[in-house]
Amino acid sequence: MATLGYRAEIDAGRRFFERIEPNNTIVLFFHGGVDGCCSGAIMYRTLRYHGCHLTFPVFLEKGETIYSDSLAKRALVRKPTHLIVMDTGSRNEAILPGITTMVIDHHKPEGVPPVDVYLTSFGVYPPEPSALLTYNICQEITPLNGLDWLAAVGTAGDMGVNADLEILREAKSRYEVKTIKETVALIDAARRSPSHDIATAFSALVSADSPFDITEGIIPESVILRQYRKIVSAEIRRAIKAVPKYSGKWAILQFSSQALVHPIVAAEWSNRLNENIVIAANYGYTEGNVHFSIRTKININLYEEIMGIKPPDEEEEFVSDYSKASGGVLPIIDFIEFLRILDFPKEVAEFIPIQAQELKSEAIETC
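(A) Molecular detail of the overall build of the protein. Check the secondary structure of the protein and you find 15 helices and ten strands. In terms of C-alpha radius of gyration, the protein reaches 21 Å, essentially the compact-globule figure of 21 Å for 367 residues. Taken along the three principal axes of its C-alpha coordinates, the protein extends 60 × 45 × 40 Å. Expressed as a percentage of its 367 residues, the buried residues of the protein come to 56%. Sequence separation of at least 24 residues holds for 62% of the intrachain contacts in the protein that already meet a minimum separation of 6. About 16400 Å² of surface is accessible on the protein, with carbon and sulfur atoms providing 50% of the total. Taking the average place of the 36 positive charges on the side chains of the protein and the average place of its 48 negative ones, the gap between the two points comes to 4 Å.

(B) Region of the structure containing the side chain of Q254. With respect to the helices and strands, Q254 occurs in strand β7 (residues 250-255). For Q254, the side chain forms a polar contact with the side chain of K245, separated by 3.4 Å. Ignoring any residue separated from it by four or fewer positions in sequence, one finds Q254 in contact with A242, K245, A281, Y283, L339, V348 and F351.

(C) Molecular detail of the nonpolar core. Counting residues in each nonpolar core, the largest one holds 61 residues, and the members touching the most others are M43 and I214. Considering every element that reaches this core, the biggest residue donor is helix α2 (residues 34-49), with eight residues. In contact with M43, other than residues within four places in its own chain, are F17, L28, I84, M86, M102, I104, T134 and C138. Within the second largest apolar cluster, 22 residues are counted, among which are W250, I279, I336 and F344.

(D) Layout of the packing of helix α6 (residues 166-175) against helix α7 (residues 177-192). In the contact formed by α6 and α7, the axes pass within 7 Å of each other and the chain directions differ by 105°. Taken as axis vectors, α6 and α7 run roughly perpendicular relative to one another. For the pair formed by α6 and α7, the contact residues are A171, K172 and Y175 on the first element and V177, T179 and I180 on the second. Counted by class, the contact of α6 with α7 contains four nonpolar, one polar and one charged residues.

(E) Structural detail: the sheet that holds strand β2 (residues 55-57). Pairing in this open sheet of five strands is parallel, and the strands run β2-β1-β3-β4-β5 from one edge to the other. Of all strands in the sheet, those with a lone pairing partner are β2 and β5 (117-120), marking the two edges. Pairwise comparison of adjacent strand axes, ignoring direction, gives a mean angle of 15° for this sheet. Note: strand β4 (residues 100-105) against β5, four bridges, orientation parallel. Bridging across to β5, D105 finds its partner in T120.

(F) Quick look at the packing of aromatic side chains. Using the criterion set out here, one finds ten aromatic pairs in the structure. Where Y283 meets F335, the ring centres are 6.0 Å apart and the plane angle is 85°; that geometry is what we call edge-to-face. Of this pair, Y283 sits in the loop between β8 (277-282) and β9 (289-296) while F335 sits in helix α13 (residues 332-341), and the two are 52 residues apart along the sequence. Of the two residues, Y283 and F335, both sit in the buried class. Taken together through their ring pairs, the aromatic side chains of Y283, F292, F335, F338 and F351 make up a single cluster. The ring of F56 has R78 sitting right over it, with the charged end atom 4.0 Å from the ring centre. One residue, R91, lies across the ring of Y67, its end atom 4.1 Å from the ring centre.

Quick notes on the rules
Residues numbered from 1 in each chain as written. Predicted model: local features only at pLDDT ≥ 70, side-chain atom pairs only at ≥ 80, totals over all residues. Heavy atoms only, no water. Helix = DSSP H or I, 4+ residues; strand = E, 2+ residues; numbered from the N terminus. Rg over C-alpha atoms; globule rule 2.2 N^0.38 Å. Buried < 20%, exposed > 50% of the residue type's maximum accessible area, 1.4 Å probe, protein only. Contact = heavy atoms within 4.5 Å. Areas by Shrake-Rupley, 256 points an atom, 1.4 Å probe, with all protein chains shown as cover. Lys, Arg positive; Asp, Glu negative; His and termini not counted. Charge placed at Lys NZ, Arg CZ, Asp CG, Glu CD. Polar contact = N/O pair within 3.5 Å; in protein donor to acceptor, adjacent residues only side chain to side chain. Core = buried A, V, L, I, M, F, W, Y, C linked by side-chain atoms within 4.5 Å. Axes fitted to C-alpha atoms, helices over the stretch in contact; angles between N-to-C directions. Parallel < 35°, antiparallel > 145°, perpendicular 65-115°, else oblique. Nonpolar A, V, L, I, M, F, W, Y, C, P; charged D, E, K, R; others polar. Pairing = 2+ DSSP bridges. Phe/Tyr/Trp six-rings, centres within 6.5 Å; stacked < 30°, edge-to-face > 60°. Lys NZ or Arg CZ within 6 Å of the ring centre and 35° of its normal.

See below:
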């Protein structure tokens, strides 16, 4: 899909802002990862600077997408006049029908939603993750003195700290690589934790004046984020010990965790099993479902490979469109069928995990 280019995107974003009145109620949706949270924090702070004090983030919960009815209900309670959606991907489906909406994204679109303004940096060089695109749009609205670090952290969370972009070169010079990496890890841990606590990560990004406030424990959220990081690290160590089982070129790691660790397990095992397509299957992330990540080092297009064998009548969230990384979520009965299609033995396809011991929130409260 052809894009307008950054200048046109930024101009369209500015015109959207110009139509917002101070008494309007604005709801923000954004992905819970580092890039999405930084996008949301930049937008929130910009709108507040701009005098829009009725601005509310509505956080995606485990297993939700921007099209989930449960998310819509929580958003509509606010009676929004405007909706701004960041870093969530897109498809040709209404998000909150009847609400004036702007989408800011950088992923390959599955379709363009029927919204008032759709801004994308997909396919434009140099690449701009959502946080950087959001920052460049918001700069046109009000001075953002001191918020460039949010764009840098979001960019590092999506592309890595060593990506060849000016925003990262400046941030590394000012804060050093270690600080940027540590900030990314702490913000990311909140989403990956069993609590899926996007609110605390967002609060840290909104209240901090620099990444040092997060890494040096200047703000109270830092204590919680550090505990989340310990919990996630422990869950990764446990899940990664799963023994792989094979069916031809396919290998599967099966485990149960309330933490979002399956992408990390899949990535780690694909480095070890570089002649296999690796599935990390998490049976404990949400009740009744299997959340799975698929990675490979084989020279194939993973998306095309999986779409050729997917069970019929499944929703489009089954896989993401990347050549070497994919994944999705299926009800357990459908995941069993998926493994049968891949010719895994009956005892593998009908695997019943030993449930992980529930991680209590009291562990965080006593830190």
